[in-house]
Each structure stands twice: as structure tokens, then as C-alpha cells.
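Secondary and tertiary structure notes
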Amino acid sequence: MARDRLAGAEFWHGGIGGLAVGDEILPPTAQAAGAPGHSALYMDEARADRVYFTTDRELARVFASIALRCRGAGALYRVQPIGNVDTDPDFPAVGLHARRALILDVEELTSPLSSEEERRREAPYVTWDDGRPIYDANGRIQITWQMEQYGLTQSDLDRQLPAWIHPNDAADRVAALLGTRHA
């Protein structure tokens, strides 16, 4: 990633709470769970040897909220990357990763975001497998090429699906809708 693109940017890490200003966040492979420096929520799509962060504070808050809900402690950390910084392929516009990160500021979370609040914060960055956005600005699920092949239209989705529905729930409802159409 070009260094000039990073100049002046603030970086945010959302993870497990309990760390302090001046601590380093280490990747899961470098620390045992619960050890100092362990903040990362290891997710299957992530590299266990990297610390993930973003230039979007609200996106980082999603991961802090997940940590609070799943682990009982979540925090939003303003960080400074240590070492080479690479783009996170899951959030290429705003996501990054490095070997470690230094904590510059800490905001402990006391309540998690709702599922809808998490989806609202992630929405600008999540896409279907063909690169189309999953949500529009109003939280409406956007049609996929697969749905179009079955004759569905965006208007069908707008009538049948509530705003900010989880994509998995939307897929279940679309399957049910297709079942009634082809019965």
C-alpha cells in the first residue's frame, strides 16, 4: 500500500477490551488468549499472524461490539501500525493489517451495537460475489445476478424484504419466494 495514502490517517482497531495506551496489540499467533496484547477476535477469513485495523472508526466499532457481545469486553483502540502495512482484502477501501499495532487511545465499550447498527456501519463495504453492493443507502438488499436468473427484480426484493435484513435471512426469504413462484 502506498505510504502517501496512509499519511495523516487515523487507524482504529476494534477488539477485546482490557489493553491500555502504550500497549502493543499482537496477532493471535503471537499471544495466548487472555495474555497482554491479545485483543484480536480471530475470524476464519483473517490471517492469524496479523493485526487488523481500519481508517473507518465506525467499522472498527463493529468489531469492538462483537468482542463485547462474544467475550464480555470490547474496546475501540486508536492505533499506530508497526511494520509494513497491507490492504485487508475483505475491506479494501478502508481495511489494513500489520504485524503489530501500538495503542494511542482507548475507548472501552459498555453496550454492544444492535445487529442492524452493525450492518449499517459495514454496509458501505460489503458486496455480493460479483462486486455489487449488498445494501443501498436505505438498507434495502440489492439484487444479485443469481436472483435475476430466476426472474426476480429489485422491485420484488423491495416489496418482500425489510430494510437492513441480514443477507442470510434475505437468502432464506428469497428461496421461499422462489418456491412459491415455481410451485
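What you are looking at is a predicted structure, and each value in this text was computed from that prediction instead of being measured. (Residues numbered from 1 in each chain as written. Predicted model: local features only at pLDDT ≥ 70, side-chain atom pairs only at ≥ 80, totals over all residues. Heavy atoms only, no water.)

**A few points about the environment of Val 106**
Within the secondary structure layout, Val 106 lies in strand β7 (residues 100-108). A residue is classified by how much of its surface remains accessible, and Val 106, at 26% relative accessible area, is partly exposed. Linking Val 106 and His 13, residues 93 residues apart in sequence, is a C-alpha distance of 9.8 Å. Residue contacts for Val 106: discarding those within four places in its chain leaves Leu 19, Ala 20, Val 21, Ala 75, Leu 76 and Tyr 77. (Helix = DSSP H or I, 4+ residues; strand = E, 2+ residues; numbered from the N terminus. Buried < 20%, exposed > 50% of the residue type's maximum accessible area, 1.4 Å probe, protein only. Contact = heavy atoms within 4.5 Å.)

**So, the side chain of Gln 142**
In this structure, Gln 142 sits in the loop between α3 (115-122) and α4 (145-149). Reaching out from Gln 142, the side chain makes a polar contact with the backbone oxygen of Arg 140 at a distance of 3.0 Å. Not counting residues within four places of it along the chain, the set of residues in contact with Gln 142 comprises Trp 128, Pro 133, Ile 134, Tyr 135, Asp 136, Gln 154 and Leu 157. (Polar contact = N/O pair within 3.5 Å; in protein donor to acceptor, adjacent residues only side chain to side chain.)

**Examining the pattern of salt bridges**
Per the counting criterion, the structure on display carries twelve salt bridges. Put simply, Arg 121 and Glu 58 hold a salt bridge, and the shortest N to O gap is 2.6 Å. Placement of Arg 121 in helix α3 and of Glu 58 in helix α2 (residues 57-71) is noted, with a sequence separation of 63 residues between them. Assessed through its relative accessible area of 23%, Arg 121 is described here as partly exposed. With a shortest N-O distance of 3.2 Å, Arg 132 and Glu 148 are connected by a salt bridge. Taken together, the residues span a long stretch of sequence, with Arg 132 in the loop between α3 and α4 and Glu 148 in helix α4 at a distance of 16 residues. (Salt bridge = Lys/Arg side-chain N within 4 Å of Asp/Glu carboxyl O.)

**What to know about the packing of aromatic side chains**
Following the criterion strictly, the structure yields four aromatic pairs and no others. Ring geometry for Phe 63 versus Phe 91: centroids 6.2 Å apart, planes at 85 degrees, classification edge-to-face. Remark: Phe 91 occurs in the loop between β5 (86-87) and β6 (95-98) and Phe 63 occurs in helix α2; sequence separation between them is 28 residues. On the basis of an interplanar angle of 35 degrees and a centroid distance of 5.1 Å, the ring pair of Tyr 135 and Trp 164 is categorised as tilted. Taken together, the positions of Tyr 135 in the loop between α3 and α4 and Trp 164 in the loop between α5 (154-160) and α6 (167-181) put the pair 29 residues apart, joining distant regions of the chain. When its relative accessible area of 6% is taken as the criterion, Tyr 135 is described as buried. According to the relative accessible area criterion, Trp 164 is buried, its value standing at 6%. Each residue in the set Phe 63, Phe 91 and Tyr 125 is aromatic and connected to the rest through ring pairs, giving one cluster. Above the face of the Trp 12 ring, Arg 57 is positioned so that its terminal group lies 5.2 Å from the ring centre. (Phe/Tyr/Trp six-rings, centres within 6.5 Å; stacked < 30°, edge-to-face > 60°. Lys NZ or Arg CZ within 6 Å of the ring centre and 35° of its normal.)

That is the geometry; function is a separate question.
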